[in-house]
Each structure stands twice: as structure tokens, then as C-alpha cells.
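# Summary of the model geometry
The chain contents come next:
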Amino acid sequence: MTTQTESNGKGFGVYVHVPFCRERCDYCAFATYTDRDHLMERYADACVTEVQRLTEKGELVPATSVFFGGGTPSRLRPETLCRILRAIPRTAGAEVSVECNPEDADQEHLGTYRRAGVNRVSFGLQSTHAHVLAGLGRRHVPDAAARIAAAVHEAGFDNWNLDLIFGGAGETDEDWRGSLAGVLTLPHPPPHLSAYALTVEPGTPLARAGDRHPDDDTLATRYETADDVLTHAGYHWEEISNWALPGHRCRHNQLYWDQGDYVGVGSAAHSHRAGARWWNVRTPERYIGAIEEGRSPEAGREVLTADQRDFEALSLALRTPRGVPWADLSGTGELAGLVEHRGDRAVLTVRGRLLANEITTRITSGSLHR
């Protein structure tokens, strides 16, 4: 039988959502909870059961990438997380990533992950400055960057990521440059970096604190600084908010940007196959209840039309160095300085990346009917 992995040429991913957090950051709008740790073992059992059911039905085939996200996957006991991982069928050489908090950069976590087959870890550092982290409503771990880098190196990981956020209240241009420099001058710097502009999500504490909302011009300046500093350090942008040293692109993220197929496991997890998208119930209690009672945890589903799929594929490609066919952008004469010709492709410039959503509206309707 031809598996999905073989048939689409893009690979097949599994995303596992872990909804538990020690504290909730002021900017976070994800389906995460700080008061449900007592559910962790039952939740892991439910994830294992969901994986087994999906595998038996042929909906989950050997994965080329697995990503544990959240929430905070490292809040689970390391062995508990690895119990879920062992249930997931994987291809040889599959990329397996786990998101972690800085305080979990220790050998109990990382050593256990490594032995179980995890080969990529990602830490939410966000900033190297205590006052910037305070403005984000995030815990400060002293010397976090150095501690993370040392622990990752000791555990034998050569593929890992740090997340940074710019635009927090109280952050200056010098602070942002300092965070970048502090990461890049580590004895073992991360081969992959994500730098996100602070986004104000409705319903969050940040949304209710207007005095902490970022300024658009400031965000633009910080982004340009990030790209300049990282490019000079040998990193290549792989998507608007992500940069990697050669050979260290995140394969799982690439699957999303290529409109590939993946299955989501756990509460609030999303799945995609051939233009159909579906998602599980949002809360861990409802998810556990559905699995334990033998019911599907699916909460909703949508099927994209051919035009919607084509538009989405172009929109995602525009966010990457691959770009889109030049002919698929309308009004290119008005996009001077925002896109550049690379062969027959239109690729965003640094300034263009700042306006990617607006440029996406220039994708011509005619390109959807080729």
C-alpha cells in the first residue's frame, strides 16, 4: 500500500499538543492551562490511545516529523512525554522536536528525550533582559541562554532552536540588539532562531493593557535589525519569523509552509489532509472524556475548495524564500522595494516581509485557474 508519506512527496507530520503551563504569559492566546497538572497522566494515556486508533485506521502513517508543542511539553514528566512519542510510528531519520521552558534545561529532561529519539529541542527564551520579560508577563531565569546552550550541548543535541520576541514594553533598540548578541556569542549558539513581533491577541492581559502595546514602526525597526544581524552571522531566513544555519531548517515547520499533511493529537490539535482540516475539542477535560468513552475528539472540520487551496499555497509560499511566480502578483510596478525578481519568481525583500499580508492581496485571481 502506498502511504501518504510516499504519495505526496512532502512527508507526513504529527503534532502533539500539550496544554499545561506553569504560568500563562500575558500575550498568550493558545489553549493552555495552569491549573490542570493533575490531568497530566490521564492526558498522556488519552494521547497514546488516540495515536493507536488513528494508526489502526490508517490515518496516521509513519511520520517524517513529530512536534510536541503547547503549552509547555516539558511540563510533563520526561518519561511521560516519551511514552507518547514511543506510540507514534516514525520513518528512519524522522525529525522529532520538543518545546521546552528555560527552567527545564537539565539532563533529566534532555537526556531522557535524547535516549527516546528526540533530536531537536526548542526553548522559549524571548529575551535576555529581566525587565523585558517582566513586560511580557514572563518568568525570568538568570543566565537562561547560557544554561540552555550548555545543557543542550551536554545532552548531545546539534539541532535546536531559541524563540525570541521583540516589541515588549520597556524594551529598547539596544535591549533587542543585546538579546541577539547574547544568543549569537554563546559558546554553542543555536543553529535555528525564531524572532517574533509581539502580537496583541484579543482576550489576553496584554490586550487589556494599552500602555504595553507595541508600536508598528518600532516593530519594523527591530525586525530589520534581526534580519541584518542574523544574516551577517550566517543564518538564512526560511520564513518571515525564522532563520537557520545551513542544514538546520525545521522540517516540521516546512511541512506546514508546503501545505503538507499532518495529524494533530491532543486537545485543540489541528490536522490537515488534502485540503481538509479538522480540529479536536479545546479543553483537556473534554478531550480525555471523549477518548476514554471511545468517542471521536473531533470538534469541527472544513474542506477547502480548489481555489482556496491554490490561494493558500501561494500565500504560504510568499512567506518563504521560494516566493511565488512573478506572474501571480498583480500591480508589481507598485511593489518596488517590496518584492524582487529571482528568476521567474517574486520573493519578498526585508521590507516586503513586514507587509506580507498586504502583498498577499495582490495574488491575482487568474493565477488560481491555470
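Before any of the text, the structure's been laid out above.
What you see is a predicted model, and the numbers here were worked out from it, not measured in a lab.

On to the overall build of the chain, then. Of the regular secondary structure elements, the chain holds 13 helices and 15 strands. At 21 Å, the chain has a C-alpha radius of gyration in line with the 21 Å of a compact globule built from 370 residues. With respect to the principal axes defined by its C-alpha atoms, the chain has extents near 60 × 55 × 40 Å. Looking at the chain as a whole, 54% of its 370 residues are labelled buried. About 16,000 Å² of surface is accessible on the chain, with carbon and sulfur atoms providing 50% of the total. Counting 39 positive and 50 negative side-chain charges, the chain places the centres of these two groups 4 Å from one another.

Once that is clear, we can look at the side chain of Asp104. Topologically, Asp104 is positioned in the loop between strand S3 (90-100) and helix H4 (107-116). Look at Asp104: it is buried, it has no salt bridge, and the nearest opposite charge is Arg22 at 4.3 Å. Residue contacts for Asp104: discarding those within four places in its chain leaves Arg22, Thr72, Ser74, Arg75, His109 and Phe123.

Attention shifts here to the packing of H4 against helix H6 (residues 144-155). For the pair H4 and H6, interaxial distance at closest approach is 9 Å and the crossing angle is 35°. Of the two possible hands of crossing, H4 and H6 adopt the one that is right-handed. Between H4 and H6, the contacting residues are Gln107, Leu110, Gly111 and Arg114 on the first element and Ala151, Val152, Glu154 and Ala155 on the second. Here the residues of the contact of H4 with H6 are counted per class, giving four nonpolar, two polar and two charged.

Among the nonpolar cores identified, the biggest contains 84 residues, and Phe68, Tyr113 and Val121 are the most heavily contacted of them. For this core, the element with the most residues is helix H2 (residues 40-56), which contributes eight residues. Each residue touching Phe68, except ones within four places of it in the same chain, is listed here: Val16, Val18, Pro73, Leu81, Ile84, Leu85, Ile88, Ser97, Val98 and Glu99. In terms of nonpolar packing, the next biggest core, distinct from the first, is built from seven residues, Tyr27, Cys28, Leu198 and Leu206 among them.

Looking now at unusual backbone geometry. In this structure, the amide linkage connecting Gly70 to the following residue, Gly71, adopts the cis form with an omega of 15°. Position of Gly71 among the secondary structure elements: in the loop between strand S2 (63-70) and helix H3 (78-87). Phi at Ala268 is positive, roughly 65°, even though this residue is not glycine. Counting through the fold element by element, Ala268 comes out in the loop between strand S9 (261-265) and strand S10 (270-273).

Here we come to the sheet that holds strand S14 (residues 339-342). Reading across from one edge, S13-S15-S14 is the order of the three strands in this open sheet, with antiparallel pairing throughout. Only two strands of the sheet have a single partner each, and these edge strands are strand S13 (324-325) and S14. Examined bridge by bridge, S14 and strand S15 (residues 345-348) share four bridges and lie antiparallel to one another. Paired with Glu340 across the bridge in S15 is Val347.

This brings us to helix H8 (residues 216-232). Helix length check: H8 (17 residues) gives 25 Å between terminal C-alpha atoms against 24 Å at 1.5 Å per residue, within 8%. Here H8 has its buried residues at Leu219, Arg222, Tyr223, Thr225, Ala226, Asp227, Val229 and Leu230. Residues of H8 that are buried make contact with strand S5 (160-166), helix H7 (173-184), strand S6 (192-197), strand S7 (236-239), strand S8 (242-244) and helix H12 (350-354). If you check the start of H8, you find a side-chain oxygen 3.1 Å away from the backbone N of Asp217, and it comes from Asp215. The positive-phi residue at the C-terminal boundary of H8 is Gly234, with phi of around 95°.

Attention now moves to the pattern of salt bridges. Within the structure shown, the criterion is met by 25 salt bridges. Its salt-bridge partner being Arg83, residue Glu41 comes within 3.0 Å of it at the nearest N-O pair. Taken as a pair, Glu41 in helix H2 and Arg83 in helix H3 lie far apart in primary sequence, 42 residues in all. A salt bridge links Asp258 to Arg322, with the nearest nitrogen and oxygen atoms 3.3 Å apart. Of this pair, Asp258 sits in the loop between helix H9 (251-257) and S9 while Arg322 sits in the loop between helix H11 (306-318) and S13; the two residues are 64 residues apart in sequence, bridging distant segments of the chain.

What counts as what
- Note that residues are indexed from 1 along each chain, following the sequence as it is written.
- Only residues with pLDDT of at least 70 get local features here, since the model is predicted, and only at 80 or more are side-chain atom pairs given and counted; chain-wide, interface and lining totals rely on the full set of residues.
- Hydrogen atoms and water are omitted, and side-chain values are computed over all heavy atoms in the structure.
- Here a helix means four or more residues in a row that DSSP labels H or I, a strand means two or more in a row labelled E, and each is numbered from the N terminus.
- Restricting the calculation to C-alpha atoms gives the radius of gyration, and the globule rule supplies 2.2 Å times the number of residues raised to the power 0.38.
- We call a residue buried when its accessible area falls under 20% of the maximum for its residue type, exposed when it is over 50%, and partly exposed in between, using a 1.4 Å probe and counting protein chains only.
- Method for areas: the Shrake-Rupley scheme with a 1.4 Å probe, in which residue coverage is limited to the protein chains shown.
- When charges are counted, Lys and Arg contribute as positive and Asp and Glu as negative, whereas His and the chain ends are disregarded.
- Where a charge sits is defined by one atom per residue type, namely NZ (Lys), CZ (Arg), CG (Asp) or CD (Glu).
- Just to be clear on terms, a salt bridge is a Lys or Arg side-chain nitrogen sitting within 4 Å of an Asp or Glu carboxyl oxygen.
- In what follows, a contact means two residues having at least one pair of non-hydrogen atoms within 4.5 Å.
- Lines fitted to C-alpha atoms define the axes, with helix axes restricted to the stretch in contact, and inter-axis angles between N-to-C directions lie between 0 and 180 degrees.
- Two helices cross in a left-handed way if the nearer one is turned anticlockwise from the farther one by less than a right angle. They cross in a right-handed way if the turn is clockwise.
- Residue polarity is assigned by list, with Asp, Glu, Lys and Arg as charged and Ala, Val, Leu, Ile, Met, Phe, Trp, Tyr, Cys and Pro as nonpolar; anything else, Gly included, falls into the polar class.
- Residues belong to a common nonpolar core when they are buried Ala, Val, Leu, Ile, Met, Phe, Trp, Tyr or Cys residues joined through side-chain atoms within 4.5 Å.
- Only strands joined by at least two bridges in the DSSP assignment are considered to pair.
- Here, expected helix span is obtained from the residue count minus one, scaled by 1.5 Å.
- Here a polar contact is taken to be a pair of N or O atoms separated by no more than 3.5 Å, where protein atoms must pair a possible hydrogen donor with a possible acceptor and residues adjacent in sequence count only if both atoms sit in side chains.

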